[in-house]
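Listed here are the chains, written in short residue letters.
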Amino acid sequence: QQQVKQSPQSLIVQKGGISIINCAYENTAFDYFPWYQQFPGKGPALLIAIRPDVSEKKEGRFTISFNKSAKQFSLHIMDSQPGDSATYFCAASLPGFGNEKLTFGTGTRLTIIP
Amino acid sequence: DVKVTQSSRYLVKRTGEKVFLECVQDMDHENMFWYRQDPGLGLRLIYFSYDVKMKEKGDIPEGYSVSREKKERFSLILESASTNQTSMYLCASSLLSGNSPLHFGNGTRLTVT
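All of the points below concern the structure found in this document.

Digging into the side chain of Ser87(B)
All names here are of chain B.
- Locating Ser-87 in the fold gives a position in strand S9 (residues 87-94).
- There is a polar contact of 3.3 Å between the side chain of Ser-87 and the side chain of Arg-36.
- Beyond its immediate sequence surroundings of up to four residues, Ser-87 is in contact with Arg-36, Gln-37, Asp-38, Thr-108, Arg-109 and Leu-110.

See below:
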């Protein structure tokens, strides 16, 4: 089975700090890397996604950094806020397939403390 | 806004019971999915469907079956529930094309005793 390894499992960050969640993959054929955000009691929702032809994608306070040679990608949350407290999942997908071949990481529970 | 509705938020069933989890989406999406979410294991795909009456196995289909008689409705069936099927079950839908975002329901927490 294709694997996506996510770390850390849990993360506590001070309000205003930078939260960083890392993912590593094995299959160099992966060509789509989304991040999903899940609040307690809710289903995950797409937060931001990147393809390997760019090294960085930014949407507001959320940035994906992509390192193709290292087979790693990470989510950075700048100026972290208590409302960012959630579980974050990275994922990766193969070309030519849709969500049926989306492999998820194991999740990171992020807590932002005041 | 896409809405994916799962019929139950919490379910408690006994070992050996037949269990039905229902999911309805209101955006005419072709694809529907059932995932299982367990701590430390992330989201794992059980089954998916890309059309009415069509189904494909995901990564962990053993012990489960599905039914899709109408485009908007996708049911997950546990033929004989076991304690190792205690979990959070998430239904999702998406458009057929490429990497369309998954739209998830809020989940059903199933406990099998």
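Let's talk about the sheet that holds strand S3 (residues 19-25) of chain A
Residues and elements named next belong to chain A.
- Across the sheet, which stays open at both edges, the five strands sit in the order S1-S3-S8-S7-S6 with antiparallel pairing between neighbours. Of all strands in the sheet, those bounded by a partner on one side alone are strand S1 (4-7) and strand S6 (56-59). Within the sheet, the average angular offset between the axes of one strand and its neighbour, ignoring direction, is 15°.

Quick notes on the pattern of salt bridges
- Within this structure, the stated rule accounts for eight salt bridges over all chains.
- Notably, a salt bridge pairs Glu59(A) with Lys57(A), separated by 3.8 Å at the nearest N-O pair.
- The partly exposed category is assigned to Glu59(A), whose relative accessible area is 37%.
- Look at Lys57(A) and you get partly exposed, because its relative accessible area is 32%.
- As a salt-bridge pair, Lys53(B) and Glu69(B) come within 2.4 Å of each other at their nearest N and O atoms.

Here's the deal with the interface of chain A and chain B
- Facing the 21 residues of chain A at the interface are 21 residues of chain B.
- The contact between chain A and chain B buries some 1700 Å² in all, and 52% of this surface belongs to carbon and sulfur atoms.
- Taken together, the connections running from chain A to chain B amount to zero salt bridges.
- Taken together, the connections running from chain A to chain B amount to nine residue pairs in polar contact (both at pLDDT 80 or more).

Focus: the side chain of Gln6(B)
Residues and elements named next belong to chain B.
- You can see Gln-6 is positioned in strand S1 (residues 4-6).
- A polar side-chain atom of Gln-6 sits 3.0 Å from the main-chain amide nitrogen of Gly-107.
- Here Gln-6 is in contact with Glu-22, Trp-34, Tyr-89, Leu-90, Cys-91, Gly-105, Asn-106, Gly-107 and Thr-108, once residues within four sequence places are set aside.

What counts and how
- Residues numbered from 1 in each chain as written.
- Chains lettered and ligands numbered in written order.
- Predicted model: local features only at pLDDT ≥ 70, side-chain atom pairs only at ≥ 80, totals over all residues.
- Heavy atoms only, no water.
- Helix = DSSP H or I, 4+ residues; strand = E, 2+ residues; numbered from the N terminus.
- Polar contact = N/O pair within 3.5 Å; in protein donor to acceptor, adjacent residues only side chain to side chain.
- Contact = heavy atoms within 4.5 Å.
- Pairing = 2+ DSSP bridges.
- Axes fitted to C-alpha atoms, helices over the stretch in contact; angles between N-to-C directions.
- Salt bridge = Lys/Arg side-chain N within 4 Å of Asp/Glu carboxyl O.
- Buried < 20%, exposed > 50% of the residue type's maximum accessible area, 1.4 Å probe, protein only.
- Buried area = accessible area lost by both parts, 1.4 Å probe.

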